[in-house]
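Commentary on secondary and tertiary structure
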Amino acid sequence: GFVFDSTPIKTQLANCSAVTTEMIPALSSGSVDPEKVLPEFLKRLKAAGVDDIIKEKQAQYDAWKASK
């Protein structure tokens, strides 16, 4: 099966992990207004490199699928 190699995007993964660790508890507990905090969370994920993570995973999956 497909196994993702996170080496090329380890910095982005660490950055996104830091953002989620900071913001998810407040969002999931309902202690903040999601109308205000969710857009900020998504903005910070983008700045942390979430799009790079998605792009890299898709590229690796596509290469793996093409080899089958």
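Further up the page is the structure itself.
In this report, we go over the structure that sits alongside the text. (Residues numbered from 1 in each chain as written. Predicted model: local features only at pLDDT ≥ 70, side-chain atom pairs only at ≥ 80, totals over all residues. Heavy atoms only, no water.)

1. Notes on the packing of helix α1 (residues 10-29) against helix α2 (residues 34-48)
For the pair α1 and α2, the least separation of the axes is 9 Å and the interaxial angle reads 170°. With respect to α2, the element α1 is oriented roughly antiparallel. Contacts between α1 and α2 involve Gln12, Asn15, Cys16, Val19, Thr20, Glu22, Met23, Ile24 and Leu27 on the former and, on the latter, Pro34, Val37, Leu38, Glu40, Phe41, Arg44, Leu45 and Ala48. Classifying every residue of the contact of α1 with α2 gives 11 nonpolar, three polar and three charged. (Axes fitted to C-alpha atoms, helices over the stretch in contact; angles between N-to-C directions. Helix = DSSP H or I, 4+ residues; strand = E, 2+ residues; numbered from the N terminus. Parallel < 35°, antiparallel > 145°, perpendicular 65-115°, else oblique. Contact = heavy atoms within 4.5 Å. Nonpolar A, V, L, I, M, F, W, Y, C, P; charged D, E, K, R; others polar.)

2. Looking at the packing of α1 against helix α3 (residues 50-66)
Between α1 and α3, the shortest axis-to-axis distance is 9 Å and the interhelical angle comes to 130°. Regarding the angle of α1 to α3, the classification is oblique. The chirality of how α1 crosses α3 is left-handed. Between α1 and α3, the contacting residues are Gln12, Leu13 and Cys16 on the first element and Val50, Asp52 and Ile53 on the second. (Left-handed = near helix turned anticlockwise from the far one by under 90°.)

3. Some details on the packing of aromatic side chains
With the rule as written, the count across this model stands at three aromatic pairs. A centroid spacing of 5.6 Å and a plane angle of 80° characterise the contact between Phe2 and Tyr61, whose relative ring orientation is edge-to-face. Of this pair, Phe2 sits in the segment before α1 while Tyr61 is found in helix α3, placing the two residues 59 residues apart along the sequence. We classify Tyr61 as partly exposed; its relative accessible area is 32%. With 5.7 Å between their ring centres and 35° between their planes, Tyr61 and Trp64 make a pair best called tilted. Separated by three residues within a single helix, Tyr61 and Trp64 lie in helix α3, roughly one turn from each other. Each residue in the set Phe2, Tyr61 and Trp64 is aromatic and connected to the rest through ring pairs, giving one cluster. Lying over the aromatic face of Phe4, Lys57 brings its terminal NZ or CZ to 5.2 Å of the ring centre. (Phe/Tyr/Trp six-rings, centres within 6.5 Å; stacked < 30°, edge-to-face > 60°. Buried < 20%, exposed > 50% of the residue type's maximum accessible area, 1.4 Å probe, protein only. Lys NZ or Arg CZ within 6 Å of the ring centre and 35° of its normal.)

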